[in-house]
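Residue strings, one per chain:
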Amino acid sequence: MGEKGRVDWAGGLERACSFAPFLSGMEARYPEISTLLAAGDDAGAWALVEQAGDGASSVVQALRRKRGALALVTAVADLAGAWDFNRVTRTLSDFADEAVETALMAAFAERYPDEEPRGFAVIALGKHGSRELNYSSDIDPILIFDPQTLPRRAREEPVEAAVRLGRRMSEILSARDGDGYVFRVDLRLRPSPEATPIALPVEAAISYYESMALGWEQAAFIRSRICAGDRTLGEYFLNSIRPFVWRRSLDFGAIDAILDISRRIRDHYAGGQAFGPGYDLKRGRGGIREVEFFAQVHQLIHGGRQPDLRVGATRDALVALRDAGIISADVAGNLDEAYVLFRTIEHRLQMVDDRQTHELPAADAALSNVAHLHGLADGEALIATLRPHVTWVGRNYDQLAPEKEGAHLSTDTDGLIGQLTDMGFPDASVVAARITRWRAGDARALRSAGAREALEELLPVLFAGLASAPDPVAALNRLDDMIQRLPSAINFFKLLAARPALVTMLVEILSHAPVLADDLARRAELLDGLIDASALEPIPALDVLTRWLGRSEQGDDYQTVLDRVRQKIGERRFALGAQIVCGAVDPLEVGRGYGRLARGAVEVLAQATQREFANSHGTVSGGELVIVALGRLGGGALTHASDLDLIYLFTGDHETESDGRKPLGATQYFNRLAQRIGNALSVPTASGPLYEVDTRLRPFGAQGLIAASVTSFARYQQDNAWTWEHLALTRARPIFGSDAARAAVQQVIDTVLLEPRDAAELRRQAVEMRATISAHKQPAGPLDVKLAPGGLVDLEFLVQVMQLTGRTAFDPDLGGAVAGLIQAGLLPASLIGAYDLLTRYLIVSRLVSPGSTEPPEATQLLVAQRCGAKSWSELLDMLAEARQSIAQSWGAVVASVSDKED
């Protein structure tokens, strides 16, 4: 190649002819192309490539001639420095697509000349699938067919027809003659190649990959795409097996399979592992395969939850992993630089004799010949160029696949008790008995040999973590309860063994957060989400969150959307709880994160449900649905267990009819739509539950329609609403609908809230309502900061009375309303701190003591610290002071009513 940044066509052509016998032969065969290349006219040379098959006696000959011309142009453009690595590999890959399509169409034309080609698809895998083909490469397709649509002759079974088509296509591509060959075709990547036909019925192939495929096959389909044949059939196949490839829960079987392949390659090709002459650039330690495997392992780990990582090409994958924050920019840059260099030298090796070789020549003369072809002085210079990159890649990959250490817990009872005692367990014999039962497979999840093997690998690090828990036995009991409920534990164990930092977090959850432990017992894969870099970061802004929740994939149906939103919300809600447990984020921000998650779910599922509903019923001209949030959701901050208080309204003329194939009147239309949305938010699916939805705050309560028109809502609020409904309206926020529709509803709310009121009567009714609540909902104990005297319910009544009587500081966010009333001189400044403290405590307590009782002693310090106190006793004093401040202000309202009555 020429000097870096300089194109040297003459030098590239000269080296091709001097050091690559194959290219020298092509230069002689295509002299016109050579002349144009020497002059630097690659566009003209490429035009001749396109014409190289003209006048050929058959498709077979035309493809071979074009391949020879293309090989010459691609090689010289590469050697001259005119084409970069990506252009070279994509040119070779695009020609492979063209060649496979041409060969398949020729096979169809020969066997079924009167039939339209259909029902047969070619799936490209490996470097062909990712458009990264080598200079002299075979292709590894999988052939699938549809028995219902594939043409066939009389008395010919579909599988016979498909096999004959596949064999003829392969023969056209790979048979050698005087013009050479096109591509070597390797069909052994199909399931059980020793026992299956070369072409598979599509449904049988889908069934295999869904239920029986091996881990390495999952990795292979990272680089898959349809390259020829029936595109509809090919896309159907790939869409069907996408869940097999990109699993939301980590499949350490697939990851282990890749790492195991790497270890076996290192062992099998030991002779090519040592760097130097004879080194295997593809399979050697620190070579091409280890760059590719490094990227693929991270894609398998994260790609199920991050679709942006689902790219085939290795270089693209490294960029995506870097942009997602999964690998550093330095690692991505070093791997990319090494990969391009390795692949480029691999091309030089293959250009010499058009052989699919990956090994540096052992002989000095042959090694120097390759170096000269690349533009280097000799073989030593080539070795020196490669050495630092090979060394770095090997060391980097070693960190991904370290040798397994021999630490283990003893299987001898006395030895095990001694180890556990040394770890610090107070009653080691009880703990040892639990481990013994696990080893005996006393839980369903532990009955397979693979699960018990994964458990043994995990035990040392797991019990070292449990020993550090504030109450090790309590944490162990929760872990045992969880394991007993798991349907399968192998991936759960392997994840913890691979990520020791997660063991620490798991121990914290088991020690302090029974709610999260119960969630894990139902869905152990929730722990997977904590490996992402963003897991301990605040929930993003609503628009970003909504795009993430609503991101769909080709072929997704409505049920898939419901499941995916539940999976994503479940993972992020669990991660928010973990943020509280580990102290990564202020509980107030976590509460706002819970709120944004819920609003995102409402937005995405309401949109999806509207689209699904419109398929049958169309839309209502001039009308649309508006969803209003009240209570905690209206205020924008929830706890882990909060339900959603919603009101459904609609705009437009209630007498209008929808325009679908099953038309409905507007009122019926929006009521059925609202019911569907409520179900989308609340009904459990295979992916679990989402939210409880409460619509009792709608006009006329349980007796009213689920969805009312905005006009009737306004009229109800003016003429029929009870005082408590106006109090509730202070926390109303339109959260779904167009900007104009939400503004119209907000105007109705503002009009109601700003009405002049009889302040004394309002206070009387509010005090009466609070007393009624107290009579029917007793606090669970003195630490029930919601219902106890001086708690959040008292504060909310106080704020609402002050807002409505003062006609000011209307903010659905209770904290914002408190701040506004303080600024207006209507409340004491101490109440903002009281609100913050009680809200923090409520959010934390919903995880650690969901019954609003006193947290376990081992958890009390954690609760205190999350609420800003140094000790439990200090927190109790702070809570008492906050509640006293609220009780004093609310008591003044109560007293004013009592005085008036007296």
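As shown above, the structure is provided for reference.
Residues numbered from 1 in each chain as written. Predicted model: local features only at pLDDT ≥ 70, side-chain atom pairs only at ≥ 80, totals over all residues. Heavy atoms only, no water.

A. Expanded view of the nonpolar core. With 168 residues, the main nonpolar core has Phe 463, Leu 466, Ile 627 and Leu 875 as its most contacted residues. Non-local contacts of Leu 466, meaning those with residues more than four positions away in its chain, are made with Phe 425, Pro 472, Ala 475, Leu 476, Leu 479, Val 507 and Leu 510. Counting residues in each nonpolar core, the second largest holds 97 residues, with Ile 33, Val 88, Ala 317 and Leu 318 among its members. (Core = buried A, V, L, I, M, F, W, Y, C linked by side-chain atoms within 4.5 Å. Buried < 20%, exposed > 50% of the residue type's maximum accessible area, 1.4 Å probe, protein only. Contact = heavy atoms within 4.5 Å.)

B. Local environment of the pattern of salt bridges. Counted according to the given criterion, the structure contains 37 salt bridges. Note that Arg 90 and Asp 316 form a salt bridge whose closest N and O atoms lie 3.8 Å from each other. Remark: Asp 316 occurs in helix α14 (residues 314-323) and Arg 90 occurs in helix α6 (residues 85-111); sequence separation between them is 226 residues. Given a relative accessible area of 31%, Arg 90 falls into the partly exposed group. Relative accessible area serves as the criterion here: at 34%, Asp 316 is assigned to the partly exposed category. Ionic pairing is found between Glu 292 and Arg 223, a salt bridge with its closest N-O pair at 3.6 Å. One end of the pair, Glu 292, is in helix α13 (residues 288-302); the other, Arg 223, is in the loop between α10 (215-220) and β6 (225-229), and 69 residues separate them in sequence. Of the two residues, Glu 292 and Arg 223, neither departs from the other in class, the shared state being buried. (Salt bridge = Lys/Arg side-chain N within 4 Å of Asp/Glu carboxyl O. Helix = DSSP H or I, 4+ residues; strand = E, 2+ residues; numbered from the N terminus.)

C. Highlighting the layout of surface pockets. Reported here for the largest pocket is a volume of approximately 1,200 Å³. Lining the largest pocket are 29 residues, and of these Asp 645, Leu 697, Ile 773, Lys 777 and Lys 786 lie nearest its centre. Those elements giving two or more residues to the lining of the largest pocket turn out to be α28 (631-635), α31 (723-729), α33 (759-776), α34 (792-806) and α36 (830-848). Here the element with the most residues in the lining of the largest pocket is α34; it accounts for 5 residues. Residue composition of the lining of the largest pocket, by class: 13 nonpolar, 6 polar and 10 charged. (1 Å grid on protein atoms, 1.4 Å probe; cavity = no way out; pocket = protein on both sides within 12 Å on 5 of 7 lines; lining within 4 Å. Points joined across faces, edges and corners; volume = space filled by probe spheres on them. Nonpolar A, V, L, I, M, F, W, Y, C, P; charged D, E, K, R; others polar.)

D. Molecular detail of unusual backbone geometry. The phi dihedral of Arg 807 is positive, around 50°, even though this residue is not glycine. The residue Arg 807 is located in the loop between α34 and α35 (814-823) in this model. A positive phi is found at Ala 809, a non-glycine position, where the angle reads about 60°. Residue placement: Ala 809 occurs in the loop between α34 and α35.

E. Examining the packing of aromatic side chains more closely. Under the criterion given, the structure shown has 18 aromatic pairs. For the pair Tyr 208 and Tyr 209, a centre-to-centre distance of 5.1 Å together with 80° between the ring planes defines the contact as edge-to-face. Of the two residues examined, Tyr 208 and Tyr 209, each falls in the buried class. Taking the centre distance of 4.8 Å and the plane angle of 70° together, the rings of Tyr 209 and Phe 221 count as edge-to-face. You can see Tyr 209 sitting in helix α9 (residues 202-211) and its partner Phe 221 sitting in the loop between α10 and β6, a full 12 residues away along the chain. On the basis of relative accessible area, Tyr 209 is assigned to the buried category, the value being 1%. (Phe/Tyr/Trp six-rings, centres within 6.5 Å; stacked < 30°, edge-to-face > 60°.)

F. Up close: the pairing of β6. The buried fraction of β6 amounts to 5 of the 5 residues, a majority that puts the element mostly inside the structure. Sheet topology places strand β1 (residues 120-124) next to β6; 4 bridges connect them, and they run antiparallel. Within β6, the position partnered with Val 122 by the bridge is Ala 228. (Pairing = 2+ DSSP bridges.)

G. Layout of empty space enclosed by the protein. Per the counting criterion, the structure on display carries 4 cavities of 30 Å³ or more. A volume near 70 Å³ is recorded for the largest cavity. Taken together, Arg 67, Leu 70, Ala 71, Leu 92, Phe 95, Asn 134, Tyr 135, Ser 137 and Phe 183 make up the full set of residues lining the largest cavity. Elements that contribute at least two residues to the lining of the largest cavity include exactly α5 (59-79) and α6. Here the element with the most residues in the lining of the largest cavity is α5; it accounts for 3 residues. Residue classes in the lining of the largest cavity are distributed as 6 nonpolar, 2 polar and 1 charged. Taken as a whole, the second largest cavity spans an internal volume of roughly 60 Å³.

H. Region of the structure containing the side chain of His 726. Assignment of secondary structure puts His 726 in helix α31. We classify His 726 as buried; its relative accessible area is 7%. Within the structure, the side chain of His 726 is placed 3.1 Å from the side chain of Arg 757, a separation counted as a polar contact. Residue contacts for His 726: discarding those within four places in its chain leaves Gln 717, Ala 721, Val 752, Leu 753, Glu 755, Arg 757 and Leu 804. (Polar contact = N/O pair within 3.5 Å; in protein donor to acceptor, adjacent residues only side chain to side chain.)

I. Spotlight on the side chain of Ser 170. Following the sequence through the fold, Ser 170 ends up in helix α8 (residues 158-174). By relative accessible area, which is 11% here, Ser 170 ends up buried. Here Ser 170 is in contact with Ala 175, Val 185 and Leu 187, once residues within four sequence places are set aside.

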